[in-house]
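Analysis of the macromolecular model
Listed here are the chains, written in short residue letters.
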Amino acid sequence: MYDNKLDKVQFSLPKKISYSQIYTYSQCPYKYRFRYLLKFPSQPSKYLSFGRAIHRAIEKYNKGVIAMSVPTQSSLFLSVEATLPTKDDLYQWFLEYMKNEWFLNQKERSFYIERGKLLLSTFYDQEQKDTNVIIAAEKRFSVEIDNVQIHGQIDRIDLNDKNNIEVVDYKSGKVKEVPTLKEKEQLFIYAMAIEKNKEISINKKVTTLSFYYLADGGKKVSFKMNDEERNSLVTKITSTVKKIKEYKFTPTPSYATCVYCDFKDKCTFATLQKKEIQ
C-alpha cells in the first residue's frame, strides 16, 4: 500500500504544470510520481530518438520558412540570394540531429536514417502544395485555465485560406484515423492558450486542430473542439492539479499501462501479465 506521508516531507512538487504532466497523471498517478517527483529519467528509446530528430529538423525548416515570409530588420541585410529551405537542407539538419540521438547499434541508426529521409521527402513535397501560411513554430506559451497556470510548446500554428488559425502537432508514429479524447486534449489546451493570447492569435479564431502524421505518406487528421469538450477538459485540469497538490499518487496498475511504462522495473505495483479471460 502506497503512503504519501514521506513524499510530502521529502519531495517538492513541480513549479510548472504541462499537458504532459496531466496526461501522465491520467495514465497512472504513480507513474507521475516516478517522473515528476522522484525525477527518474525515462528509458532510452529508438522511437523517441527518431521522433526528436525529425521534429527538430522540421522545426528548423518551419522557422526558415517564417524568416523568409516575415520581413524583419535583420532580414533587410540578408543576401538577395537567400532562399527558402530546400529538401537537402531538411536531410542535412536531420542527419546532424541524429548524430546525438541514442540507438541500440549502427544498424538501427541506419534504418531510422533511411526512414527519416523518406518521411521528410514526403513532408517537403506536401509543403510545396500547402496553401496555409506558417505564423509560428515551436511556440512556447503560458496560460491560466481556471486558476491553473499551464505551460507548453506548440509545434506549429498556421493561418489557413479562410484567414483562421489551424494548430498542428507532428506525429512520427502510425496514423490514427480517430484520435481518442485523451489524445485530443493536447490540442484543446493549445487552442485555449492561443485564444487567450492576442499576440499569438493576432485576433484570429482557432477553427482547426490537426495531428500531422508523417508516416504512411503523410496525413492530417483534423478535428474541432466543442463546448462540452472544453468544459470537460477544464474540469479535468482543475481536478488533476488539486490531486497533485495533495500528493495523491495512488497506483492504478493495468497490463496495458504497465507493460510500456519506463518505470515498470522499479515499481512494486506493476502488472506485467495479462489476466486470463474466464
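Scroll up to find the structure this text is about.
Residues numbered from 1 in each chain as written. Predicted model: local features only at pLDDT ≥ 70, side-chain atom pairs only at ≥ 80, totals over all residues. Heavy atoms only, no water.

Section: the overall build of the protein
Across its full length, the protein carries 10 helices and six strands. In terms of C-alpha radius of gyration, the protein reaches 21 Å, essentially the compact-globule figure of 19 Å for 278 residues. For the C-alpha atoms alone, the extent of the protein along its principal axes is close to 65 × 50 × 40 Å. In the protein, of all internal contacts separated by at least 6 residues, the share reaching a separation of at least 24 is 68%. Summing over all exposed atoms, the protein offers an accessible surface of approximately 16,400 Å²; the carbon and sulfur share of this is 52%. One way to put it: in the protein the 46 positive side-chain charges average out to a point 5 Å from where the 34 negative ones average out. (Helix = DSSP H or I, 4+ residues; strand = E, 2+ residues; numbered from the N terminus. Rg over C-alpha atoms; globule rule 2.2 N^0.38 Å. Contact = heavy atoms within 4.5 Å. Areas by Shrake-Rupley, 256 points an atom, 1.4 Å probe, with all protein chains shown as cover. Lys, Arg positive; Asp, Glu negative; His and termini not counted. Charge placed at Lys NZ, Arg CZ, Asp CG, Glu CD.)

Let's talk about the environment of Pro 251
Residue placement: Pro 251 occurs in the loop between α9 (227–245) and α10 (255–258). Using a relative accessible area of 16% as the deciding quantity, one classes Pro 251 as buried. Separated by 220 residues in the primary sequence, Pro 251 and Lys 31 place their C-alpha atoms 7.7 Å from one another. (Buried < 20%, exposed > 50% of the residue type's maximum accessible area, 1.4 Å probe, protein only.)

Overview of the pattern of salt bridges
For side chains bearing opposite charge, pairing can occur when the charged atoms are close. All chains considered together, the criterion is met by 19 salt bridges. A salt bridge links Arg 156 to Asp 158; the nearest nitrogen and oxygen atoms lie 2.8 Å apart. Accessibility classification places Arg 156 together with Asp 158 in one group, the buried group. Several salt bridges share partner residues, and in doing so they unite Glu 127, Asp 130, Arg 156 and Asp 158 into one network. (Salt bridge = Lys/Arg side-chain N within 4 Å of Asp/Glu carboxyl O.)

Some points on α9
Counted at 1.5 Å a residue, the expected span for α9 with its 19 residues is 27 Å, and the 27 Å between its end C-alpha atoms agrees. When α9 is considered as a whole, its buried residues turn out to be Glu 229, Leu 233, Val 234, Ile 237, Thr 240, Val 241 and Ile 244. An end-on view of α9 places all buried positions within 140 degrees of arc, on one side of the element. Residues Asp 227, Glu 228 and Thr 235 are exposed on α9 and point more than 90 degrees away from its buried face. Packed against the buried residues of α9 are β1 (17–18), α2 (19–27), α3 (29–37), β2 (133–145), β3 (148–159) and α7 (181–195). Two to three positions downstream of the cap, the backbone nitrogen of Glu 228 sits 3.1 Å from a side-chain oxygen, assigning the N-cap of α9 to Asn 226. (Expected span 1.5 Å × (residues − 1). Arc of directions from axis to C-beta. Polar contact = N/O pair within 3.5 Å; in protein donor to acceptor, adjacent residues only side chain to side chain.)

Structural notes on α3
Within α3, eight of the nine residues are buried, which leaves the element mostly enclosed by the surrounding structure. Among the residues of α3, those classed as buried are Pro 29, Tyr 30, Lys 31, Tyr 32, Arg 33, Phe 34, Tyr 36 and Leu 37. Looking at the packing, one finds that the buried side of α3 touches α1 (5–10), β1, α2 and α9.

Let's talk about the packing of helix α4 (residues 46–69) against helix α6 (residues 106–129)
Two quantities define a packed helix pair, namely the angle between the helix axes and the distance between the axes. Where α4 meets α6, the closest approach of the two axes is 11 Å, and the angle between their N-to-C directions is 35 degrees. You can see that α4 and α6 cross each other, and the crossing is right-handed. The residues of α6 that touch α4, namely those facing Lys 46, Tyr 47, Phe 50, Ile 54, Ile 58, Tyr 61 and Asn 62, are Glu 108, Tyr 112, Arg 115, Gly 116, Leu 119, Leu 120, Phe 123, Tyr 124, Glu 127 and Gln 128. Looking at the contact of α4 with α6 residue by residue, the class counts come to 10 nonpolar, three polar and four charged. (Axes fitted to C-alpha atoms, helices over the stretch in contact; angles between N-to-C directions. Left-handed = near helix turned anticlockwise from the far one by under 90°. Nonpolar A, V, L, I, M, F, W, Y, C, P; charged D, E, K, R; others polar.)

Describing the nonpolar core
Core analysis: the largest hydrophobic core is formed by 49 residues, its most contacted members being Phe 141, Ile 150, Val 167, Leu 209 and Ile 237. With eight residues, α7 is the largest single contributor of residues to this core. Excluding residues that lie within four positions of it along the chain, Leu 209 makes contacts with Val 167, Leu 187, Phe 188, Ala 191, Val 221, Ser 222, Phe 223, Lys 224 and Met 225. One finds Trp 93, Phe 123, Ile 134 and Leu 214 within the second-largest nonpolar core, a separate group that totals 26 residues. (Core = buried A, V, L, I, M, F, W, Y, C linked by side-chain atoms within 4.5 Å.)

Quick word on the side chain of Glu 101
With respect to the helices and strands, Glu 101 occurs in the loop between α5 (87–98) and α6. With near-sequence residues (within four places) excluded, Glu 101 lies in contact with Ser 49, Arg 52, Ala 53 and Arg 109.

A word on the pairing of strand β5 (residues 206–213)
In the case of a regular strand, side chains alternate between the two sheet surfaces. Counting buried positions along β5 gives seven out of eight residues, so the element sits mostly inside the fold. Sheet analysis places strand β4 (residues 165–171) next to β5, joined by seven bridges and oriented parallel. From the neighbouring strand, Glu 166 faces β5, where its bridge partner is Thr 208. In this sheet, strand β6 (residues 219–223) lies alongside β5 in antiparallel orientation, the contact comprising five bridges. The residue bridging Tyr 212 from the neighbouring strand is Lys 220, located in β6. (Pairing = 2+ DSSP bridges.)

Considering the packing of aromatic side chains
Aromatic ring pairs are defined here through the distance separating the ring centres and the angle between the ring planes. According to the stated counting rule, one finds 23 aromatic pairs in the structure shown. Ring plane angle 75 degrees and centroid distance 6.0 Å describe the contact between Tyr 61 and Tyr 124, whose orientation is recorded as edge-to-face. Of this pair, Tyr 61 sits in helix α4 while Tyr 124 sits in helix α6, and the two are 63 residues apart along the sequence. Taken together, a centroid distance of 6.0 Å and an interplanar angle of 50 degrees make the contact between Phe 123 and Tyr 212 tilted. (Phe/Tyr/Trp six-rings, centres within 6.5 Å; stacked < 30°, edge-to-face > 60°.)

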